[in-house]
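Fold and geometry: a report
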Amino acid sequence: MPTCRRKRVVLTEPSQSLVQSVKTHPDRKVFLLQQTGEIFDSYEAYAARMSFYRLKQFQCEVTGKSGLDYFQAVESERQEARTLHSRFSEPLKPAVLKAVQWQVVGRLDHLVEAVYERFKDRYFKGEKVLVDLSGIKYHAMVDRVYPPKYSTDPQARDAHKGTSSSRSTIDDEKSHNIEGDLKIPVKDVNAKDDPNLYYYWVHILEMERDKNDKNKAAKSEESAQMIGSLMEVQCGRMSRDRLSFSKSILRRFIRDCVDRDAAVASPWTVKPAIAQRYGVNSVMPEETRKGVESLKKGESDKRKKVWEEKEGPPTKKQKKLAASQEEKAKAAALAAEKREREAQEKLEKQREALEEAERIAAEKKKKKPIRYPTEDLDVRITDKDKKAGMKVKRPVPSRVAIPFNDTPGTFEAFLMAWNFLIVYGQPLHLSTFTLDEFEHAVRHSVTDLPCTLLAEVHSTLIYNLRTVPFQRHSAVLSLLRLKEDLEEDGKDDAPMLGITIEDLTAAMADVGNNWERVPLRASEGREGWEDALLGCLKDHATLLNFPRLREVLTKLLFAPDSSQDASSSPSSSRVSSPDISGTQIYTVTSSPSQRYHALPPRDRIAILSFMTTLAISSKAIHTHMESCEEQLTALRKEKIEVNRQKKQYTEEMNTLMQETKEDPTPSADDDTTMQDQSDLSDAPTSDNGSDSTSKSKKKKGDLRQKAQLQAHAKQREAARAKEKSVKQAMAEHRRLDEEVNKLERRLEAIEREFRKLLGGVRVKPMGKDRFHNRIWWFDGLGSASLVGSGGVTQYGAGRLFIQGPSEFDAEILERRQDEDIVARRMEEEGEEGMLGSGDWAVYSDLEELDEYVAWLNTKGHRELALKQALTKWWTHITAGVRKRQADVANHAKLPEARRSTRTKATYDVTREPYMMWTNRRAVNAS
């Protein structure tokens, strides 16, 4: 029985009302937990019990393994029990169980120890043992057991030698009479029934295998003579395999087979089913019952005596006071009642105060501001947010603009195939192309004008799949197995599109047999790629990994009757021809090169999806992924170094700016002013002064002027030096600013390169919105680039795709019980904007993208991360959208201008971008 927190898990019994309803309402619906057999009258009780069983808090009682749920613990116990019972000696089981039954032993370890000492030297008929003969151990089986009374009479033992094949009287004699109280010492038991006086006849089966034995060859010759013989041995030469009998094995066996009540001095009892199987008496003998009851009473009296000794007998003083205490009892009772009333009133006041405190705390908790960012669905748009311009309803993404969105899963397979071809364009030797070009190529159905893009894509995948292990004619074998299964079920081979499996396999026999050796040279237009494609499918595909295999092969190898085939004319690849293959009957044998152009886009996408899925396991792709990982590691190190250098340059620039502000350059006006003041001070003050006075004054003025001139010269020199240092600092600042700009451009290039390489390892969405819708942007991944030579914008998809929540995320949404998620999605997404698990939509207009970004609420975790990711790449996202809109508008002008003419020759398909695409990475060698 599994345990939870060291307690056994008890199964829930049906409620009393449910038991009564069996008679009153036998048709009442209930909830059954099949694994345990428990019955519940409500789903809530059933779900609560199942949730409890699913918790990883249970422990296997046999092995002690923890961290399991209930069902894992039960299975672990069953598995260990099966292993244990298969290893434990079968003849020994009844004897051990009979010895354990009704034993009163406190600990299981003591019980195991007593049983082990009793049986370690005792063996039973039919038991497999090890016999030591002259140092060599043999596997043997006990054939006869002779009690001690035969120990002194060999002739009596030999009297039964000729009765080995039939039942002998020795088999009826009881051996090893050791049942009884296990508390009796082993010495006393062995004195009455000595195991050393038992004799055993054993059949030698084989020699024990010992890998470390160096004399194995010599011993094998001796053992060959011993095998099959019947020998008489005693317990001294016998032993058991440790995997079948040891204290640990015995402990697990007893714990699995016995049980005990929780009451004091309860006996160990064998479980009823096991007791019935091995013939153990389940009814307690009267003598044993009396002994158990006396043990229980003695244990109870012992515990009672211990409590009385703790309290102690009453003293003489207590006896004298007994009378007075009786008189005071009434007064004390009245006082107790009064105190009880006061205590009740006090508790009532405390309860009211506690409720008031809880109410105030709840109000404070409600008023406490929420810390953002938080769970997106917990954020609601307030009136303040609406006034600030935040959108309530998300712009509705277009589902019509998604190509091949008529059939569920087709667009996703189409997008996956395109992304694989773009991301791994370098190891596949395939130039990049846009999603629109790939769409038009898949829709291309003009027979006379081959599409280079289709030929290159299929050829490079065929080259790649040559390195992937395959089984010859796996498709034929899979179809034949399907036919055999139908015949076993008594069903006929119903034709698909008018072709039976026998006709299809006959047509496949001579097509594409050596597909892995076909050159498929680029200089020759990849001639023969259609037949090689069928050969590739024939050796790689089965009905398990390609469910639509039979239908696709039928359409590639057979053509409809000319009377049913509608006349077709060359048309634009932008308009897919209707898929009417489901109503056509294919009867005319054809070839893949003639029939591939008639395949509907859904079948072409299925083929490409199957081939790209297989190509992921190729050696070239794995090597490229490892190379991307190495380059990513180098880029991470380079980014750290560039950021460190940028930080150093920025700190130096700040230091230079601070020094420039602290030391402004002095102007030349200060010198002029000081010079003027010195000249005025030297001017004569009186014409009537004496000559001596004038001479002395003149001399003093000359000295003062000379000193001032020297000081001014020093100041000018210092100012020029200061101005020169400031100019040098500004020049250094400009140089550092240019270096920082270079480092920033390098960081941008590293981010773009990081995105390209990361796409070669794993493609992840930009993020999720509040309703777990996933946002995808596929530009700039793998071999594609966001910026071309000369800074020209490049794009792959040129759009922002939105995918509905996954099944796991949808389940999370459904579990929210605090609000109606469907009503909220209707309010904030609209009925048309709600996407399911497998639904896709797209934003292909700049206004829609701006509105979507404005709708995101940065108070939520998911939308904050999504908006940050979009902001980081916003320049490239919007540039790609503009470039695609311009390209679509330019290529849409020609068909619109020529709609007035009614001649079929007016529209030239070869001028379409997908027809003008060339593979610059093509490898011409075969």
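Labelled according to an unreviewed UniProt entry, the chain appears under the name Chromatin remodeling complex protein, originating from Dendrothele bispora.

1. Examining the pairing of strand S8 (residues 199-207)
Two strands pair when backbone bridges link them, and strand S7 (residues 136-146) and S8 are joined in this way by 8 bridges, in the antiparallel orientation. When the bridges of S8 are listed, Val145 appears paired with Tyr200. When S8 meets strand S9 (residues 230-233), the two strands line up antiparallel, connected through 4 bridges. Paired with Trp201 across the two strands is Glu232, which belongs to S9.

2. Description of empty space enclosed by the protein
Under the definition given, this model contains 2 cavities of 30 Å³ or more. Within this model, the second largest cavity holds a volume of roughly 50 Å³. Considering the residues around the second largest cavity, the lining is formed by Asp376, Val379, Arg380, Ile381, Arg770, Arg824, Asn857, Gly860 and Glu863. Grouping the constituent residues of the lining of the second largest cavity by class yields 2 nonpolar, 2 polar and 5 charged.

3. Details of the pattern of salt bridges
Under the definition given, this model contains 49 salt bridges. Residue Arg251 is joined to Asp109 by a salt bridge in which the shortest nitrogen-to-oxygen separation is 2.0 Å. With Arg251 in helix H9 (residues 247-257) and Asp109 in helix H5 (residues 108-119), this pair connects stretches of sequence that are 142 residues apart. The salt bridge involving Lys646 is made with Glu744; its shortest N-O contact spans 3.5 Å. Residue Lys646 is found in helix H24 (residues 619-662), and its partner Glu744 is found in helix H26 (residues 691-761); the two are separated by 98 residues along the sequence. Among the ionic contacts, a cluster of salt bridges with common partners joins Arg394, Asp769, Arg825 and Glu829.

4. Details of the environment of Ala620
Here Ala620 shows up in helix H24. When residues no more than four places from it in sequence are discounted, the contact partners of Ala620 are Pro427 and Asn464.

5. Some words on the sheet that holds strand S1 (residues 3-4)
Backbone hydrogen bonds hold the strands of a sheet together, and the pairing may be parallel or antiparallel. The strand order S2-S1-S5 describes an open sheet built from 3 strands, whose pairing is antiparallel. Among the strands making up the open sheet, the edge pair consists of strand S2 (7-8) and strand S5 (58-59). As paired strands, S1 and S2 are joined by 2 bridges and run antiparallel to one another. By the bridge assignment, Cys4 is partnered in S2 with Lys7.

6. Details of the environment of Ser239
Mapped onto the fold, Ser239 is located in strand S10 (residues 238-239). By relative accessible area, which is 24% here, Ser239 ends up partly exposed. A sequence separation of 102 residues divides Ser239 from Lys137, and the C-alpha atoms of the two residues are 9.6 Å apart. The contact partners of Ser239, leaving out residues within four places of it in the chain, are Tyr123, Val129 and Leu130.

7. Structural notes on unusual backbone geometry
Omega for the peptide link from Tyr372 to Pro373 comes to 0 degrees, which places this bond in the cis form. Mapped onto the elements, Pro373 comes out in the loop between helix H12 (316-367) and helix H13 (383-387). Positive phi outside glycine occurs at His473, with the angle close to 55 degrees. Looking at the element boundaries, His473 is found in the loop between helix H17 (452-465) and helix H18 (474-488).

8. Brief notes about a nonpolar patch on the surface
Together, Val30, Leu32 and Ile39 give the surface a local cluster of nonpolar side chains, amounting to about 230 Å² of exposed area. Tracing the backbone shows Leu32 in strand S3 (residues 31-33). Residue classification places Leu32 among the partly exposed residues on the basis of a relative accessible area of 47%.

9. Regarding the packing of aromatic side chains
One pass over the structure, following the stated rule, counts 37 aromatic pairs. Ring centres of Tyr53 and Tyr70 lie 4.3 Å apart, and the angle between their planes is 25 degrees; this geometry places the pair in the stacked category. In this pair, Tyr53 is assigned in helix H2 (residues 43-54) and Tyr70 in helix H3 (residues 70-87), connecting sequence segments 17 residues apart. Both residues of the pair, Tyr53 and Tyr70, count as buried. Among the aromatic side chains, those forming a connected cluster through ring pairs are Phe404, Phe411, Phe414, Trp418, Phe433, Phe438, Trp776, Phe778, Phe801, Trp840 and Trp917. Sitting over the ring of Trp873, Arg755 keeps its end group 5.6 Å from the ring centre. Positioned above the aromatic ring of Tyr372 is the side chain of Lys859, whose terminal nitrogen or guanidinium carbon lies 5.1 Å from the ring centre.

10. Notes on the nonpolar core
Judged by nonpolar contacts, the single largest core of 79 residues is most densely connected at Trp418, Leu421, Phe433, Phe546, Met611 and Phe801. It is helix H14 (residues 410-423) that contributes the most residues to this core, 10 residues altogether. In this structure Phe546 touches Leu537, Ala541, Val552, Ala606, Ile607 and Phe610, once residues within four positions along its chain are discounted. Counting residues in hydrophobic clusters, the runner-up holds 32 residues, among them Val115, Phe245, Cys257 and Tyr278.

11. Points about the sheet that holds S7
Taken in spatial order, the 5 strands make up an open sheet running S9-S8-S7-S6-S10, and their pairing is antiparallel. Of all strands in the sheet, those bounded by a partner on one side alone are S9 and S10. One ladder, built from 6 bridges, connects strand S6 (residues 128-133) with S7; its direction is antiparallel. When the bridges of S7 are listed, Lys128 appears paired with Met141.

12. As for the layout of surface pockets
Within this model, the largest pocket holds a volume of roughly 1000 Å³. Taken together, 36 residues line the largest pocket, and the ones lying closest to its centre are Thr434, Glu437, Tyr795, Asp887 and Pro913. Elements that contribute at least two residues to the lining of the largest pocket include exactly H14, helix H16 (435-443), helix H31 (874-897) and helix H32 (913-916). Residues belonging to the lining of the largest pocket are distributed by class as follows: 15 nonpolar, 11 polar and 10 charged.

13. Some remarks on the side chain of Ser478
Tracing the chain through its elements places Ser478 in helix H18. In this structure Ser478 comes out as buried when scored by relative accessible area, which is 8%. Those residues in contact with Ser478, other than ones at most four positions away along the chain, are Thr542 and Leu543.

14. Here we look at the confidence of the model for the chain
Low-pLDDT stretches of the model should not have their predicted coordinates read in fine detail. Chain-level pLDDT for the chain is 82 on average; 85% of the residues reach the 70-or-more range. Note that residues 565-578 has pLDDT below 50 and, in this model, 18 contacts with residues that lie over four places away or in other chains. Long-range and interchain partners of residues 667-688, a stretch whose pLDDT sits below 50, account for 13 contacts in this model, where long-range means more than four residues apart.

Criteria and thresholds
Residues numbered from 1 in each chain as written. Predicted model: local features only at pLDDT ≥ 70, side-chain atom pairs only at ≥ 80, totals over all residues. Heavy atoms only, no water. Pairing = 2+ DSSP bridges. Helix = DSSP H or I, 4+ residues; strand = E, 2+ residues; numbered from the N terminus. 1 Å grid on protein atoms, 1.4 Å probe; cavity = no way out; pocket = protein on both sides within 12 Å on 5 of 7 lines; lining within 4 Å. Points joined across faces, edges and corners; volume = space filled by probe spheres on them. Nonpolar A, V, L, I, M, F, W, Y, C, P; charged D, E, K, R; others polar. Salt bridge = Lys/Arg side-chain N within 4 Å of Asp/Glu carboxyl O. Contact = heavy atoms within 4.5 Å. Buried < 20%, exposed > 50% of the residue type's maximum accessible area, 1.4 Å probe, protein only. Patch = residues over 30% accessible without salt bridge, like charges linked within 9 Å, V, L, I, M, F, W, Y side chains within 5 Å. Areas by Shrake-Rupley, 256 points an atom, 1.4 Å probe, with all protein chains shown as cover. Phe/Tyr/Trp six-rings, centres within 6.5 Å; stacked < 30°, edge-to-face > 60°. Lys NZ or Arg CZ within 6 Å of the ring centre and 35° of its normal. Core = buried A, V, L, I, M, F, W, Y, C linked by side-chain atoms within 4.5 Å. pLDDT = per-residue confidence, 0-100.

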